[in-house]
Amino acid sequence: MILLRPAIPCLFVILSLAAPRAPAAEATDTNAVWLAEHYTKYEHRIPMRDGVRLFTRVYVPKDDSQAWPMVLTRTPYALKPYGTENYNDPAGSFRTLATNQFILVTQDVRGRYGSEGEYMHVRPFNPNKGPKDTDENSDTFDTIDWLVKNVPNNNGNAGMFGISYPGFYTAMGMIDSHPALKAASPQAPISDWFMGDDLHHNGAFFLSQNFNFFYVFAQRAEDPLHEESKPFNFKTPDGYDFFLRMGPLGNSDTLLLKGRSPEWKEFLGHPTYDAFWQARNIRPHLKNVRCAVMTVGGWYDAEDLFGPLEIYRATERMNPGITNVLVMGPWAHGGWGRGDGDKLGDLNFRARTSEFYREKIELPFFRHFLKGDTNYIPTEAHVFETGTHQWRRFDAWPPRQVVPRALYFHASGRLGFDVPGDGQDAFDEYVSDPARPVPYTLEVTTSYPRSYPVHDQRSAASRPDVLV
Amino acid sequence: MEEDLTFAGPLKASLHVSTTGTDADWVVKLVDVYAGDFPDPNPNPAHVAMGGYQQLVRGDVFRGKFRNSFERPEPFEPGKVAKIEFGIPDIFHTFRRGHRVMVQVQSSWFPLVDRNPQTFVNIPTAKPEDFRKATHRVYRGGNAASSLLVQVLPAGAK
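A short tour of the structure in this document, coming up. Not measured: the values here are computed from a predicted model.

## Concerning the nonpolar core
- Ranked by size, the top nonpolar core spans 149 residues in total, and within it Val71(A), Ile103(A), Leu104(A), Trp26(B) and Val113(B) carry the most contacts.
- When near neighbours in sequence (up to four residues on either side) are disregarded, Leu104(A) contacts Tyr59(A), Val71(A), Phe94(A), Leu97(A) and Ala98(A).
- One finds Ile46(A), Leu54(A), Ala78(A) and Leu79(A) within the second-largest nonpolar core, a separate group that totals 7 residues.

## Some remarks on the interface of chain A and chain B
- Of the residues lining the interface, 80 residues belong to chain A; the matching set on chain B comes to 79 residues.
- Counting only elements with at least two residues in the side of chain A that touches chain B, the list comes to strand E8 (204–205), helix H6 (239–246), helix H10 (306–318), strand E13 (381–385), strand E15 (403–409), strand E17 (427–432), helix H12 (458–461) and strand E18 (466–467) of chain A.
- The leading source of residues in the side of chain A that touches chain B is E15(A), at 7 residues.
- Taken together, the residues of the side of chain A that touches chain B break down into 47 nonpolar, 21 polar and 12 charged.
- Here 6 bridges tie E15(A) to strand E7 (residues 147–153) of chain B, and the two strands are oriented antiparallel to one another. The partner of Ala406(A) across the bridge, within E7(B), is Leu149(B).

## What to know about the pairing of strand E6 (residues 181–187) of chain A
- Of all 7 residues in E6(A), 7 are buried; the element is thus mostly enclosed.
- Tracing the backbone out of strand E5 (residues 154–163) of chain A, into helix H4 (residues 165–174) of chain A and back to the parallel element E6(A) gives a crossover that is right-handed.

## Quick notes on the environment of Trp331(A)
All names here are of chain A.
- Within the element layout of this structure, Trp331 appears in the loop between strand E10 (324–329) and strand E11 (343–344).
- Taking the C-beta count within 10 Å as the criterion, Trp331 has 25 such neighbours and is therefore assigned buried.
- Remark: the alpha-carbon pair of Trp331 and Ala292, spanning 39 residues in sequence, is separated by 23 Å.

## Examining the sheet that holds E10(A)
All names here are of chain A.
- Taken in spatial order, the 10 strands make up an open sheet running E1-E2-E4-E3-E5-E6-E9-E10-E13-E14, and their pairing is mixed. Strands at the two margins of the open sheet, each flanked by one partner only, are strand E1 (39–47) and strand E14 (390–394). Across the sheet, the axes of successive neighbouring strands diverge by a mean angle of 20°, strand direction being ignored.
- Here 6 bridges tie strand E9 (residues 292–298) to E10, and the two strands are oriented parallel to one another. Counterpart to Gly297 in the pairing with E10 is Met328.
- Together, E6, E9 and E10 form the strand contacts of H10, whose direction differs from that of E9 by roughly 155°.

## Some remarks on the sheet that holds E18(A)
- Within the open sheet, the 4 strands sit side by side as E18(A)-E5(B)-E2(B)-E3(B). Their pairing is antiparallel. Since the sheet does not close on itself, it has two edges, and those belong to E18 of chain A together with strand E3 (54–63) of chain B, each with one partner.
- Two strands pair when backbone bridges link them, and strand E2 (residues 25–33) of chain B and strand E5 (residues 100–106) of chain B are joined in this way by 7 bridges, in the antiparallel orientation. Residue pairing in the sheet places Lys29(B) in a bridge with Gln104(B) of E5(B).

## Some remarks on the pairing of E3(B)
Residues and elements named next belong to chain B.
- For E3, the buried fraction is high: 10 of the 10 residues fall into the buried class.
- Two strands pair when backbone bridges link them, and E2 and E3 are joined in this way by 9 bridges, in the antiparallel orientation. When the sheet's bridge partners are listed, Val33 is paired in E3 with Gln54.

Calculation criteria
Residues numbered from 1 in each chain as written. Chains lettered and ligands numbered in written order. Predicted model: local features only at pLDDT ≥ 70, side-chain atom pairs only at ≥ 80, totals over all residues. Core = buried A, V, L, I, M, F, W, Y, C linked by C-beta atoms within 7 Å. Buried ≥ 20, exposed ≤ 12 C-beta atoms within 10 Å, placed from the backbone. Contact = placed C-beta atoms within 7 Å. Helix = DSSP H or I, 4+ residues; strand = E, 2+ residues; numbered from the N terminus. Nonpolar A, V, L, I, M, F, W, Y, C, P; charged D, E, K, R; others polar. Pairing = 2+ DSSP bridges. Right-handed = clockwise from strand over helix to strand, strands pointing away. Axes fitted to C-alpha atoms, helices over the stretch in contact; angles between N-to-C directions.

In structure tokens form, the structure reads like this:
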């Protein structure tokens, strides 16, 4: 259930009630038909405090024997299919929630698709808003406020969740929580685009994962609610060769994108951790969180692994006393939200880890905090141990019993916890040639393999410019 | 290894390095080397050989010019030893009995990460001639030891 088009491997893979394979209400699409039988679809344009209206889709259970809680997802990736007659094929987490009577709300964020206003990537949190000033936090607040007052048969409790960019919007929505917001689950949230998520790690620019994403993201179709975006035409399947021939990084804009992604150009204009990037770091702002928080991430998430770990920690540090828990599984980006989660690359986890997560971790979390279901015991860290392939629970993360130890580099490629006996001048060396960079994967692709974080490194180890 | 070894928590790379250039990237990878007799998958349509498989557990990159400040990058002085320290996101991984723990260090990871010209320039406006070969050293003795800091979870810990 990849967002833009299933054929395009794209950066922030999302499962917001995924784009259907066929017009949704056709009899062939049993899931959409099921949804139409059990839910009523509404589309609203909800006014924000500055008058801008945000397009919001609401599915309400037809079962009105009691009031139900709402779960909100905010997304930059469209709510296709649009139109109250067209129902989605609910996949993954949405399917689990839909079969358990939740009001499912999804919103185009400010400036995207059906929503008015101006879009801005990872819009900074404004801690000093005037009465009419807005940011993603105030948009979330105003949306929840409207929903609890206007959606039929809601029980006054709201939850939020989302993966990747929607995870970022979930984290933004937690700050100074609306009183109705009882539970939030940022999943693979973006925390800082210079330090560790998506665009840069420690200041090093991530090229191949992002190039096509920002090309696609910036497209302005004439009919954006119905047209699909087009991927960049690389004219070769070989990304290593393509990006090497591209030459210096600046050519990505001047020769290839040619200004078609203004954001890409803007990012290249901020090559240090300047005020631009510092303003886009959500971590210092995660204060006054008054809802339960369950942050979710994948150990093998190539896009946003830094984000969930950092947002869990920052939330923990700045909001003592709230329920704030961490779930980490053996997943690639968003892998918990759909599919079985039994395999990644050449690894076989011998268990359906994603299904387990959705049924036994995520659903009980929302049932407890939104419906008052008592059958839930918060686990501070519910984490999958790779290598042995088993779920484990700890009352802290990292576990309290861990002992920090240095693995030293010794002569002849040996590693050891013992301090090396070599002298001050001992070294290993290699020649690094930018004309022949070390490939990060042997797969031939212009995108990236979701499983590269677990790929076999034997080919790298055999190169003279890799120290082993 | 003769017993399982479990790491749980963040990693930290601590390197003493030098370069003949004035900037460089440092990629540190933690790898689980499977036992030679590790069974292949069954069925095995892709003909994967799992014996001696070097599974990446975690890798991350650091752009050397930021070693003292992310706001004010600094060149390396060619040939002079410099310390680079950076955090790497958490892992929770057990290296099974019979496996080996491996660390790989390299200075490119392409095209995942753009190429460091290895000369101290503003990379988004770098010219082709700024990209140069360089020899990088990783030191390992005395006060210049290099290591990967791990969090060891004792066996049986709850």
